[in-house]
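Summary of structural features
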Amino acid sequence: MYNFSGFDFLPQHLGLGNAQHLYNFEASFIRLIDKVTNGSRIEINQTGTTLYYQPGLLYGGSLEHDCSPSRGIGYYLESLLCLAPFMKHPLKIVLRGVTNDQVDPSVDVLKATALPLLKKFGIDGESLEIKINRRGMPPKGGGEILFSCPVRKVLQPVQFTDPGKIKRIRGTAYSVRVSPQMANRMVESARGILNKFLPDIYIYTDHMKGANSGKSPGFGMCLTAETINGTILSAELASNPQGQGAAVLPEELGQNCAKLLLEEVYRGGCVDSTNQSLALLLMTLGQRDVSKVLLGPLSPYTIEFLRHLRSFFQIMFKIETKTAEEEHMGGEKVLMTCVGIGFCNLSKTIR
Amino acid sequence: MEEKEKKKHRAKHSGPKAEKKRKRYLNDLGIGDEENARKRNPKAFTVQSAVRMARTFHRTQDLKTKKHHIPVVDRTPLEPPPVVVVVVGPPKVGKSTVIKCLIKNFTRQKLVEIRGPVTIVSGKKRRLTIIECGCDINTMIDLAKVADLVLMLIDASFGFEMETFEFLNICQVHGFPKIMGVLTHLDTFKNNKQLKKTKKKLKHRFWTEVYPGAKLFYLSGMVHGEYQKQEIHNLGRFISVMKFRPLTWQTSHPYVLADRMEELTNPEDVRINPKCDRKISLYGYLRGAHLKNKSQIHMPGVGDFTVSDVSFLPDPCALPEQQKKRSLNEKEKLVYAPLSGVGGIVYDKDAVYIDLGGSHAHEKEEEEVRPNQELVQSLISTHSAIDVKMASSKVSLFMDSTPLGSEDVGQEFVMPKEERQVDLKTGRVRRKAIFEDDEKENDDVASDEEDDQEEEDEEEAESEDGGDGDDENDAEEESERVLLQEGMAVRRAKRLKTEVAQEEAVNELPAFADSDDDLEMSSEEEGETAPEDSEMEEEEEGDVQRTCEDESSGSEFEAANERAESKQCDMDSECTETKPQISEHSPKRKAVLTTDSGNCTAEEASESEDENSSLEEGDDEVGSQEELEAEESNRNGFQRSKAKKADSVRHTKVKTVDTEDDDVENLLREEEEYEEKIDLSADTTGALKWKEDLTQKAAEAFLRQQRSTPNLRKLVYGTAVEDEDQESEDADDELGGLFRVSRPDEASKQKANALDCSKFLVENPQDWDLEEVMSSIRDCFVTGKWEDDKDAAKLLEEDEELYGDFEDLETGVVHKGKAAAGGEQSGSEEEEEEDEKMSKPEPEEEEKKKERMDKKRKLKEMFDTEYDEGDATYFDDLKEEMHKQAQLNRAEFEDQDDETRVQYEGFRPGMYVRIEIENVPCEFVLNFDPHYPIILGGLGNSEGNVGYVQLRLKKHRWYKKILKTRDPLILSLGWRRFQTIPMFYIEDHNGRHRLLKYTPQHMHCGAAFWGPITPQGTGFLAVQSVSGTTPDFRIAATGVVLDLDKSITIVKKLKLTGFPFKIFKNTCFIKGMFNSQLEVAKFEGAAIRSVSGIRGQIKKALRAPVGAFRATFEDKLLMSDIVFVRTWYPVSIPMFYNPVTSLLKPAGEKDSWSGMKTTGQLRYERGIKLKQNKDSLYKPIVREKRHFNKLHIPKALQKALPFKNKPKNLEKKGKTPKDQWRPAVIREPHEKKISALLSALSTVNNYKIKKAKVKHREQLKEYLKVKQKEDEQKFKRQKEAKKKVYRILGQREKKRQKSSLKGSSKGEKSM
């Protein structure tokens, strides 16, 4: 099933999806959506093949949700990131489940990339944060994060066409229920590769113990490259879940992760490849002004997303490919331009 | 000797000397110039009072900031829509006269009857849409929402009327448009003084309502039934220079004030069911925001609809072109008012009509008045492009329709008179003639008449018609090209030629004029080929093909891959064809180029441009090839018909088609053949297979092309565009009625099993160990190479050059910058450069120039930042930001053609659009009255939904009654007018929303109702009824939307009462409050209270009487007390939302809409008297006087009491009898004298004694003072003496001690 991640839940549309099966993570997702909205109608037929969803108003507030461990929290968090600025009350939600896995963008990455992106659209303030209380690795999970986001009435248009040069690389190497040395080994190998480009590298090692370490062992790292203009690119890798696949050497993982980051740098753009769709959505939902953003190559997910944006909002993006004028600036970029639909937060109360 | 007359001394009055003298003189006087004064009297110029200074400063700042508006992004388009001028006023005040005069002023034309909006050109950059507003409150509300300027007509002889104030209030609620008052009927005043007085009075009243200083115009007398020319002229001038501030609601919503309506329903459907829902198209200028296709709109007075189709038409009342002229040319003064039957040329989506005046008898009377030259005038005055268009685009329809002509023309132009049913019938008849087969054919036919400027909306453009107009374009342009090739000289004759073509068309008409089918067919068959099969077959085939196209266009995609090679040949040939063309014409017409080469539609022109370029680069690029093919197939799907038509057009029009065209034709034919094959295959293979892994393919293609130049737009939207085409074609199919392709929802297009994840995995990672790979991103890091203008080292150098020179003032050492220091060096360099310049002067020179410019700019920036910073406030920054955004908005899509632009940003305001709407109630068409404005208001994304809306509401101070909860009320909110049932509430301190029965008199309260979701902050007004007119003020309440929700919590107070049946000390048992133990259990711990104010708490249920419980109180209750518990009961809001459908009422009754009635009204109508509960009536409270008994103390107790407390015998003494009275003493005169003397003496004595006493007291005081002094001295003395003594004593003691110590020391020593 393709879940219209997020945007159909914006309260104007009637999403009608065709599902072949309803996995439990999707059920969990629907439950989550039910929690954050008020008055939405969700009907799933007996066999779980069709879903009828009539959106309600986004309500927000202080919530808790147990995510299904078959997908990472990132899966849920991504859509919450789209919805959170348009709630009635500021969202403050505790999500429990798998914080880092190999499929979904991890919480670390979203924390490092998505939040600065939201800030660009005028969604900032003290309460915009993702806090990782516990880490949980697949298959059993046991992680816990706190996500809070303020509420905005309208979004600012962005002109975000100059990514700038990368000035620093940061990252987190985490290990839970394995030797703390793993993290250091990963850091060491990653630095080995990245130091050829930049001296300003600092990778935190994050070893969680006891209750904070979740229920399954594992390790991994995520790297972020920050440019002078505030663009943040990221890459991440996680070890194979316990009992699935061969064991991974931390050095190898570190190296691969660093290479992934380089790949991401090669792709470039002002927005991380993970957050392309988020950026495009927020542009679409902006005021009736022109927004521009420079992206790396569009991911298939983003392309699909663009089609949805068209079908739901009648928004078409002007897509221009830009070749890097200079030699050593990585691959081609895509300049996306659109006029916002003039969306305003209908849930927010005025006094 | 004669005395020579001496010259008199002449003092100098000017010049330096005189100046000096004057100065000296003034200085002597002590009044020098200002500076001196400042010097002389510095105190006068200092701060007198810091507090006052601070206050004045504060005040000036306040005033300054008060002037600020929150800056908004200026989103007005470059070519703004006409300004909506609403002329409003009570009846018989002269509204229509003013409009007529204004129109005459601007256009030199006289309109006799004004129906609907009239658009006129008022200046080089300004157009006006003038509309009259009647006194129907529905109209007033609707027009207030779209007005930019309100001309408020006031009958000065009468004064203000309620309508004026009502309209003002409506305006205030829905954003305040500019308001200009116009006083009429001033000629009725005979007395000049009276006139002046009235003017002043009215003006001031008007100012209080609008704003102080609002413009009020005076129209004095009438001349021949018109206002004075000069006054109207001035009024017009005022209107055409007026500036408007954007209103929030208007700028955030698209809207159209329709000036033309047309019915498009299939006449057959109407015949079968005359009450069937209609399909209509409405025309008008788009205003406000961008309109997107398929968006939700609301027609006030009709209801909500979804736009089924939008297209933009050439401006019927275009602004005069930018010419260097001071004023408008007479010819350019245009007027457009199709509802009033004015406008000359009417542009339709697919046809142009010329109004020939009356072909109907009832139009004759108008014709006398209407200037005949109008048509000619408008014909002449239109742009040349329109000329061309007219010529090429078949006035022929006109001619062709000579047999049907009268009806034809009648239908189109009589439209305004649609309220007459006869006309409507004729309309129906005519429709039959054209719509015989189906809509599409009509389109096709009509499209032949289309203009080359005329463009379709996006969908149409993408589907069949993208070609209709544009292929024609092609044809024309091709013809042009041909001409070009043959010789530029011929080009001028083009107009002539087109005319010829037109004639030819006329000539050809007999060939296919007998039925539209024939026409269609002839166009459907390739060019010259004669009809082969029977009509029916052809028709069906056409249908089949069309339906199949939907499916096939996809399958073609696959098939295209398979047949890539064969296609490639075609391509190649095409390319070879295109190339020479390109080389020939590329500088002039790019568009032509693209359309020609790919033979694609103009809509895709931009895309195909890219493609062509890629094609030119080489066909070996597989990806692009594939794409192209895909596109090709897409295009083919709907191109055939166009191509055919184009061909036919070509053959009819362009006789001099050269070989190129033939080639294209051949190609087309080939394609078609090939397509037909595919059609078959598509039918068999099933329509949807191709879609299944579309995204997969797309992704693959994408990944493959990551490094090449992919046309991303196509990749992303290509399929979507196609989908839309299919949708539109589907609709057509439905009309055809034969085939209906049921395509699954778009959602199902998604891959079923794909993992839904936003991560973009790297498919083929590059080897980052390799040096060259690494170097590919080297410059992405700060450590890499920077651009010249950002490189720190370079910048530093430049700075050095600029600011290197400085002089150390302390040491006097002059530091020289590098560049200056190495002056000779640079000089030598310059020389060298100059030498170089000799060899290649231009580039060097330019470079230098650039450098210099850069330097200058930098310096300027520095200067600016240094000196402007003081003034730059947050407000200025914000304004600057907004300005930048506005510029960006304007610039972004500037260079795109309208078709693509429309796709990106929607239809922009200022365009003349045609909006198709389906499922309109038939009453709207049947009861159409052009006097009532038709507004299409665009709705935001979720504004079509209904939910609970909370408002802040205040009863209007002029409304006579208060409003009752649960009484139906008509609200005007957003675009809508609707009836709903509001519940009023007030928010308590703890945030509880407590239900109110009535609105407060002079206070805001909350209101909640179930109705359309409207953004927060939108104003609204409420009226109790919209029917009829009442002498009283009609606006009941105004307010603003606060909150929207899906659930609402309004509570009302509910008191449960009970009675004590057993009372202990502070505990008592209470019954009658609840009905069961369970209920009691629910309320355990709740606070209760007795009426007398004793507070308590519910403890526990009792077993004995059901529902009784034990409660404790802070004091003992009485049996007579009533106990109650206060609870809050949630109230549900009735889900009643009833749009006011006033436009559906029959003509003449449109102002008599009535919805749900209030209970009060019903009772009144039916004569039902309300039975009142006697207990709830108020009666005068009669309080009996209380009588207290005497205090009675028992005798035994009395005895025991002490005397003090014993009740005394307080019986009053009786009156003393007369005999016991003592006799009065009467003195003798002598005795009297004695007593008087005695009393006088005693008085004297008393006085003496008193005096003596006073004296004595004073003496005593003095004595005491003296004594005190003496005592003090004595004390002092004694003290001193004591001190002396003590000192002596102390010394003595010391001595003694010393001696004793000595002694002891001695003793010690001795020891």
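The rules behind these values
- Throughout this description, residue numbers start from 1 for each chain and increase along the sequence as written.
- Written order determines the labels here, with chains lettered from A and ligands numbered from 1.
- Local features in this predicted model are restricted to residues whose pLDDT is 70 or higher, and side-chain atom pairs enter the listing and the counts only when it is 80 or higher, whereas totals over whole chains, interfaces and linings include all residues.
- Remark: hydrogens and water are excluded; side-chain values derive from all non-hydrogen atoms of the structure.
- UniProt positions are given in the numbering used here, feature names are shortened, and annotations may be inferred rather than shown by experiment.
- Axis lines are fitted through C-alpha atoms, for helices just across the contact stretch, and the angle between N-to-C directions can take any value from 0 to 180 degrees.
- A run of DSSP states H or I qualifies as a helix once it reaches four residues; a run of E qualifies as a strand once it reaches two. Both are numbered from the N-terminal end.
- Each angle is binned into one of four classes, with values under 35 degrees roughly parallel, values over 145 roughly antiparallel, values of 65 to 115 roughly perpendicular, and all other values oblique.
- In this scheme the handedness of a crossing depends on how the near helix is turned from the far one: anticlockwise by less than a right angle means left-handed, clockwise means right-handed.
- Between two residues, a contact is recorded if the distance between any of their heavy atoms is within 4.5 Å.
- The residue classification treats Ala, Val, Leu, Ile, Met, Phe, Trp, Tyr, Cys and Pro as nonpolar and Asp, Glu, Lys and Arg as charged. All others, Gly included, are polar.
- Pairing between strands is defined by DSSP: at least two bridges between them are needed.
- Patch membership requires over 30% relative accessible area and the absence of a salt bridge. Like charges are linked within 9 Å, and nonpolar side chains (Val, Leu, Ile, Met, Phe, Trp, Tyr) within 5 Å.
- Accessible surface is estimated by sampling points in the Shrake-Rupley manner with a 1.4 Å probe; for residues, cover comes only from the protein chains shown.
- The salt bridge criterion pairs a side-chain nitrogen of Lys or Arg with a carboxyl oxygen of Asp or Glu, the two atoms within 4 Å.
- Under the convention used here, Asp and Glu are negative, Lys and Arg are positive, and both His and the chain ends fall outside the count.
- The location of each charge is read from NZ of Lys, CZ of Arg, CG of Asp or CD of Glu.
- Three exposure classes are used, based on accessible area relative to the maximum for each residue type with a 1.4 Å probe and protein chains only: buried under 20%, partly exposed in between, and exposed over 50%.
- Pairing of aromatic rings covers Phe, Tyr and Trp, the last counted by its six-membered ring, and requires centre-to-centre distances within 6.5 Å; plane angles under 30 degrees mean stacked, over 60 mean edge-to-face, and any other angle means tilted.
- The rule is short: NZ of Lys or CZ of Arg within 6 Å of the ring centre and within 35 degrees of the ring normal puts a charge over the ring.

An unreviewed UniProt entry lists chain B under the name BMS1 ribosome biosis factor, with Serinus canaria as the source organism. The UniProt entry for chain B carries the following text under Subcellular location (unreviewed entry): "Nucleus, Nucleolus". Note on chain B: under the UniProt heading Catalytic activity (unreviewed entry), the record states "GTP + H2O = GDP + phosphate + H(+)".

As annotated in an unreviewed UniProt entry, chain A carries the name RNA terminal phosphate cyclase like 1 and is attributed to Serinus canaria. Per UniProt, chain A carries the Sequence similarities (unreviewed entry) text "Belongs to the RNA 3'-terminal cyclase family. Type 2 subfamily." The Subcellular location (unreviewed entry) field of the UniProt record for chain A holds the comment "Nucleus, Nucleolus".

**Focus on the packing of helix H4 (residues 181–194) of chain A against helix H5 (residues 250–267) of chain A**
All names here are of chain A. It is the contact of H4 with H5, at a shortest axis distance of 7 Å, that shows an interaxial angle of 40 degrees. Looking at the two axes, H4 sits oblique to H5. Helix-helix and strand crossings are classified by hand; for H4 and H5 the assignment is right-handed. For the pair H4 and H5, contact is made by Met-182, Arg-185, Met-186, Ser-189, Ala-190, Ile-193 and Leu-194 and by Pro-250, Glu-251, Leu-253, Gly-254, Gln-255, Ala-258, Lys-259, Leu-261 and Leu-262, respectively. Residues belonging to the contact of H4 with H5 are distributed by class as follows: 10 nonpolar, 3 polar and 3 charged.

**A short note on the sheet that holds strand S2 (residues 118–121) of chain B**
Residue and element names in this part refer to chain B. Taken in spatial order, the 7 strands make up an open sheet running S6-S5-S4-S1-S3-S2-S14, and their pairing is mixed. Edge positions in the sheet fall to strand S6 (216–218) and strand S14 (335–336), since each has one partner strand and no second. In this structure, S2 lies alongside S14, joined through 2 bridges in antiparallel fashion. Paired with Ile-120 across the two strands is Val-335, which belongs to S14. Contacts from helix H5 (residues 137–146) reach strand S1 (83–88) and strand S3 (127–133) within the one sheet, and its direction differs from that of S3 by about 165 degrees.

**Details of a positive patch on the surface**
Residues and elements named next belong to chain B. A cluster of like positive charges, contributed by Lys-12, Lys-17, Lys-20, Lys-21 and Arg-24, occupies part of the molecular surface. Tracing the sequence through the fold places Lys-21 in helix H1 (residues 15–29). Of the residues examined, Lys-21 reaches a relative accessible area of 53% and is grouped as exposed.

**Description of the packing of aromatic side chains**
Geometrically, a pair of aromatic rings is defined through the distance of the ring centres and the angle of the planes. Counted according to the given criterion, the structure contains 25 aromatic pairs over all chains. Judged by centre distance (5.9 Å) and plane angle (50 degrees), the ring pair of Phe-1061 of chain B and Phe-1069 of chain B falls under tilted. On the accessibility criterion, Phe-1069 of chain B (17% relative accessible area) is buried. Geometrically, the ring pair formed by Phe-1064 of chain B and Phe-1069 of chain B is edge-to-face, given 5.3 Å between the ring centres and 75 degrees between the ring planes. With relative accessibility at 37%, the residue Phe-1064 of chain B sits in the partly exposed group. By way of ring pairs, the aromatic residues Phe-25, Phe-29, Tyr-75 and Tyr-76 of chain A are connected into one cluster. The ring of Tyr-218 of chain B carries Lys-199 of chain B above its face, with NZ or CZ at 4.4 Å from the centroid. Over the face of the ring belonging to Phe-217 of chain B we find Lys-215 of chain B, whose NZ or CZ atom lies 5.5 Å from the ring centre.

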